[in-house]
Structures are given as C-alpha cells and as structure tokens.
Amino acid sequence: MKTITTIVCAVVVAMGFTLASANAQQDSDVGFTIPTADELQRAKDNRRSQALGERVARRVMTAYELYEADDIRGAIAELEEAPARTDYDVAYVARFLGTMWASVEGDDSANRKAIAELEKSIAPNLLSHADHAASLQLLGNLQLMEENFEEALEILREFLQFTGEWNPDVLIRMASAHMELKQYDRVSPLAEKALENMDEPHRNPYVLMIAANYEAGNVPETISVLERGVVALPNERAWWVQLGMMYNLSEQYEKALSTMRIAYDAGYFRSSNDYRALVQLYANNSVPFYAAEVMSRHMESGDIEQTARNYATAARSYNTAREFSKSAAEYAKAVREADNNNDRIDYNRRQGEALLLAEEYRQAVAPFRSAIELTPSGEDAGRLYMSLAEAYFYSNQYRQAYDAAERAKGYSSTRRNAEGWAQYIKDTASRRGVDI
C-alpha cells in the first residue's frame, strides 16, 4: 500500500495540478462584510454597562444554583417568576431562559420556547457584547435545528457582523443552510470563506462545495474542488473515487484511470462499484489484461459479486488481451453461475472458442458438446457443430470431426461450409491412414 505522500506526488505528476491548488480562494465574496477591528472596538467601547435589579439578581442567582445542581426545570420556574421590569432585566432573564430551554431533553417544544426567549433577549440589543453574541449564535443554531433555514441565515449573518470575526464553524452552518434551500450558488463562497479562516484544511467546506457544484450540474468546478481536496486532505478516500468518476463523466479517461489506480493502490476502494469502475476504465483505455486481472482477483476475494455476468466480463477482457486460456477458465465459471439456458449455451460456446484460440483443442470439445446438448431441438446448432468439428480435427480425432461436420450440413446456415469441411476432414484422414 502506498503512503499518503506517495499518493500526493503521484497525483500531482499524473494530473498536473499542484499543492498550491489546495489553498482556499482568497477574499471570497459572501455578499456581506464584517466590521474592521477598529470599528468593532469602537462599538464595544460605546456599549453601555448595565446591572440587574436587586430582586431579579437574587432570582437569577437561585436559578443558576438550581441549574448547577441539574435541576433545569426548577431553574426555569425560578426565572419565570423573576420580577423583570427594565428592558435590560427582560433581555437578561430571556437569555438565561433561552439557554435553559435549549438544554431540556425529551420536550418537543423546548427548542421553540428557547427560540422565543432568545429573540426577546436580542431585540433591545442591551446585553453585554459577549452575552449578545452568545444569544445570537445559540439562536441561529436552534433555528437550524428546527429547519428554519432562512431565519437561521439571517441570525448567523448578524452574529458574524456583530462579532467582527469570520467564524469558520458559523460559515459552514450558513453554507449548509443554503445547501438545504438548494441555493447552490451561495454555498461555495461561504465554504471558501470558512477555509480562509481555518488554521488547517477541514473536510466539511470541501464536502459542501463538492455537493453544491455537483447538484448544480457544474462538473468542471466539482472536479476542481475535488482536485484541491485530495491534495489538501489526501486521506479522504471517498474523494479519490469521486474524482475518478467525475473525470470519467467529463470524458477525461486517462485522468480517470490514473486517479482510480492511485485510489486502488492506496486501498481506498470499499464497494464492488469501485472495483468495477476501475475494470471499466482499464477496458476503455485499452488495457484489457489489467481489467481482467482486477475483476478476476476481486471476485475471488469477495470484493466483487461472483455472478455469471462479472465472470463473463473478466473472460472478455482476457480474450481481448489474447490470454485465451484464462478467458476460457473465466467462461467456465460464468457457465457455473449462469441462471438461464441461453447464457449457459453462450458461455459454453465462448469457452470452447477461447480454448480453440489457445490451441487446447481436446479441452475445447467438452464445452461445445455441452452447448449443443443445451440447445433446444429445432434451433440452429450448425455453428456449434462446425466449431466442434474443428476441435476434433485439430486434436486428430478425424472420425468424430467428420461426424460433427456431417451434422452441421443439416442446417441451412452452415450447409455449404460444412460440405467443404467434411470433405477436407475425410481427405486429411485418408492421407494419414485413418479410414472414415
């Protein structure tokens, strides 16, 4: 198995993109801006510092003690009795209640109650900078959980603009919300912005960009993101397979094969479809021997289903590669797995033909005879008898060869050729001292 470093080097050479391509685009336009550091500091400096009323503060303290003791319902009840009078008291208590309701389990209405309280807490914009920011972020997350995506996007954007920081987790949540709304063109800018503000690459922005571009039918951009992704995070095995499939979809067959070979060598394949895709790519790129080898090897190991069709695929590839003995062996397995008579006849015939090409004439007799025995009476078996005659003839069994040719004469499709072949067999046998 290749190392990750080897994989990256190989893909750089094979597909012509560089490590620099893994970097996020810079200064992505997400449709809104955030304040500068100076603007943010001025906003903080201008924010009034306020205190709770004494009676409300006592209730809040009691509620906090109940919360610390895991009595959340008790804490909620205490807060609901708080005699909030000023806008600040109302906002502070609402924030605490929203946080409490958000932590309640087993109550289908808890999130909705939390949302209502948090909306009350942010409306007057009187809480401390940290508390207001926390309320916005929790409210946005709860709206996402409730699948209120439009509302979530508005609140999370407000959070970013209020805090003055490009929080990558929030940007990813916003990109996910646009994905849910099928607003695919708005996903990538937010995901790119998240990448710009991460200390190191993370899979989630790439996953979102891959999905958005694919759903939008933008194959070139899907490929571009996957190329960046496999370089930035080469141990994301699924992306290698996806990249290979996308190259194939865009008819970049050499790149598709190179990518799938890298994924295969790295041990990244997980499904039968992965292996079959590589087989098909080898076949499409005129490398039939490896197509057959991969198919055969992984049927035997159980990675690919051992079906008649799959064995026949391996057999055809071996045949194209002029590995006729191996082709015949795979057709024999196809016969064993076939579930209908027509396929058994076809695979027996093909097995016999492969053995003829391999000059294994005696071994070719049995599959041709099996095909003839399986052919329903009244159907044209002339071609099979002609092939059987050839197998007998080249294995020096002249009487049997002559008999097969005579039988082939009984079919209109092969009568003329069979007459000439029968005479040739008879003449050859005579020259070699065999009486027919």
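The coordinates are above.
Quick caveat: nothing in here was measured; it's all calculated off a predicted structure.

Undergrad: Just give me the short version of the overall build of the protein, but keep the residues and values in it.
TA: Helices and strands together make up the secondary structure of the protein, namely 23 helices and 0 strands. Residues classed as buried in the protein amount to 45% of the 436 residues present. By sequence separation, contacts in the protein at least 24 residues apart represent 56% of the contacts at least 6 residues apart. Total accessible area on the protein is roughly 22,600 Å²; 44% of this is exposed by carbon and sulfur atoms.

Undergrad: Any details on the packing of aromatic side chains? Residues and values, ideally.
TA: In this structure the tally under the stated criterion is 17 aromatic pairs. Ring centres of Phe 269 and Tyr 275 lie 5.1 Å apart, and the angle between their planes is 85°; this geometry places the pair in the edge-to-face category. As far as burial versus exposure is concerned, Phe 269 and Tyr 275 are alike and both buried. Ring centres of Phe 393 and Tyr 394 lie 5.1 Å apart, and the angle between their planes is 85°; on these two criteria the pair is classed as edge-to-face. For Phe 393, a relative accessible area of 6% translates into the label buried. Tyr 394 sits in the partly exposed class, given a relative accessible area of 41%. Counting every residue linked through ring pairs, the aromatic cluster contains Tyr 361, Phe 393, Tyr 394, Tyr 398, Trp 421 and Tyr 424. For the cation-ring pair, Lys 193 lies above Trp 166, with the distance from its terminal atom to the ring centre recorded as 4.9 Å.

Undergrad: Lay out helix 10 (residues 187-196) with the relevant residues and their values.
TA: Judged by how many residues are buried, helix 10 sits mostly within the fold: 8 of 10 residues are covered. Listed in full, the buried residues belonging to helix 10 are Val 187, Ser 188, Leu 190, Ala 191, Glu 192, Lys 193, Ala 194 and Leu 195. On the buried face of helix 10, the contacting elements are helix 9 (168-180), helix 11 (203-215) and helix 12 (219-232).

Undergrad: For the pattern of salt bridges, give the residues involved together with the corresponding values.
TA: Per the stated rule, a full pass over the model turns up 20 salt bridges. Close ionic contact of Asp 131 with Arg 95 constitutes a salt bridge, the shortest N to O distance being 3.9 Å. Remark: Arg 95 occurs in helix 5 (residues 87-103) and Asp 131 occurs in helix 7 (residues 129-145); sequence separation between them is 36 residues. Assessed through its relative accessible area of 21%, Arg 95 is described here as partly exposed. With a shortest N-O distance of 3.5 Å, Glu 300 and Lys 333 are connected by a salt bridge. In this pair, Glu 300 sits in helix 16 (residues 288-300) while Lys 333 sits in helix 18 (residues 324-337), placing the two residues 33 residues apart along the sequence. Take Glu 300: its relative accessible area is 47%, and that puts it in the partly exposed class.

Undergrad: Describe in detail the packing of helix 19 (residues 341-357) against helix 20 (residues 361-374), supporting the description with residues and values.
TA: Contact geometry for helix 19 and helix 20: axes closest at 8 Å, N-to-C directions at 160°. In this view, helix 19 runs roughly antiparallel relative to helix 20, as classed from their interaxial angle. As helix 19 runs across helix 20, the sense of the crossing is left-handed. Along its contact with helix 19, which presents Asn 341, Arg 344, Ile 345, Asn 348, Arg 349, Gln 351, Gly 352, Glu 353, Leu 355 and Leu 356, the element helix 20 presents Tyr 361, Gln 363, Ala 364, Pro 367, Phe 368, Ser 370, Ala 371 and Leu 374. Looking at the contact of helix 19 with helix 20 residue by residue, the class counts come to 9 nonpolar, 6 polar and 3 charged.

Undergrad: Could you give an account of the packing of helix 3 (residues 54-68) against helix 4 (residues 72-80), naming the residues involved and the relevant values?
TA: Axis separation between helix 3 and helix 4 bottoms out at 7 Å; the angle between their running directions is 170°. Classified by the interaxial angle, the pair formed by helix 3 and helix 4 is roughly antiparallel. Listed contacts from helix 4 to Arg 59, Val 60, Thr 62, Ala 63, Leu 66 and Tyr 67 of helix 3 are Ile 72, Gly 74, Ala 75, Glu 78 and Leu 79. Split into classes, the residues belonging to the contact of helix 3 with helix 4 amount to 7 nonpolar, 2 polar and 2 charged.

Undergrad: Before we move on, can you summarise helix 5 with the specific residues and values?
TA: The end-to-end C-alpha distance of helix 5, which contains 17 residues, comes to 25 Å, matching closely the 24 Å that a straight helix rising 1.5 Å per residue would cover. Residues of helix 5 that are buried: Tyr 88, Asp 89, Ala 91, Val 93, Ala 94, Phe 96, Leu 97, Gly 98, Met 100 and Trp 101. Packing partners of the buried residues in helix 5 comprise helix 3, helix 4, helix 6 (110-122) and helix 7.

Undergrad: Can you tell me about unusual backbone geometry, naming the residues and giving the values?
TA: Unusually for a residue other than glycine, Glu 251 sits at a positive phi of about 65°. Relative to the helices and strands, Glu 251 is located in the loop between helix 13 (237-249) and helix 14 (253-265).

Undergrad: I'd like a description of the nonpolar core, backed by residues and values.
TA: Counting residues in hydrophobic clusters, the biggest one holds 98 residues, and the most contacted among them are Leu 79, Leu 160, Met 174, Phe 269, Leu 278 and Tyr 347. With 8 residues, the single largest contributor to this core is helix 8 (residues 149-163). Excluding its chain neighbours within four sequence positions, the residues that come into contact with Leu 278 are Leu 257, Met 260, Arg 261, Tyr 264, Phe 269 and Val 294. One finds Ala 328, Ala 371, Met 386 and Ala 408 within the second-largest nonpolar core, a separate group that totals 29 residues.

Undergrad: Outline the environment of Pro 201, supporting the account with residue identities and numerical values.
TA: Along the chain, Pro 201 turns up in the loop between helix 10 and helix 11. For the pair Pro 201 and Gly 229, spaced 28 residues apart in the sequence, the C-alpha separation amounts to 8.9 Å. Not counting chain neighbours up to four residues away, the residues in contact with Pro 201 comprise Leu 195, Tyr 206, Ala 232 and Leu 233.

Each value, and the rule that gives it
- Position labels on residues start from 1 in each chain and follow its written sequence.
- With the structure being a predicted model, the display of local features is reserved for residues of pLDDT at least 70 and the display and counting of side-chain atom pairs for 80 or more, all residues being used for whole-chain, interface and lining totals.
- To obtain the side-chain values, all non-hydrogen atoms of the structure were used and water was disregarded.
- A helix here means a DSSP run of H or I that spans at least four residues, while a strand means a run of E at least two residues long, and both kinds are numbered starting from the N terminus.
- Note on classification: 1.4 Å probe, protein chains only; a residue is buried when its accessible area is under 20% of the maximum for its type, exposed when over 50%, partly exposed between these limits.
- Here, two residues are considered to be in contact whenever any of their heavy atoms come within 4.5 Å of each other.
- We get accessible surface area from the Shrake-Rupley algorithm with a probe of 1.4 Å; when it comes to residues, only the shown protein chains can shield them.
- For Phe, Tyr and Trp, where Trp contributes only its six-membered ring, two rings pair if their centres lie within 6.5 Å, and the inter-plane angle classes them as stacked under 30 degrees, edge-to-face over 60, or tilted in between.
- By definition, being over a ring means that NZ of Lys or CZ of Arg is both within 6 Å of the ring centre and within 35 degrees of the ring normal.
- Between Lys or Arg on one side and Asp or Glu on the other, a salt bridge is scored when a side-chain nitrogen of the former is within 4 Å of a carboxyl oxygen of the latter.
- Note on geometry: axes are C-alpha line fits, over the in-contact stretch for helices, and angles between N-to-C directions span 0 to 180 degrees.
- Each angle is binned into one of four classes, with values under 35 degrees roughly parallel, values over 145 roughly antiparallel, values of 65 to 115 roughly perpendicular, and all other values oblique.
- Each crossing is labelled by how the near helix is turned from the far one, with a counterclockwise turn of less than a right angle marking it left-handed and a clockwise turn marking it right-handed.
- Gly is put with the polar residues, along with every residue not named as nonpolar or charged; the nonpolar set is Ala, Val, Leu, Ile, Met, Phe, Trp, Tyr, Cys and Pro, and the charged set is Asp, Glu, Lys and Arg.
- Helix span is expected to be 1.5 Å times the residue number reduced by one.
- Residues grouped as a nonpolar core are buried Ala, Val, Leu, Ile, Met, Phe, Trp, Tyr and Cys residues, joined through side-chain atoms within 4.5 Å.

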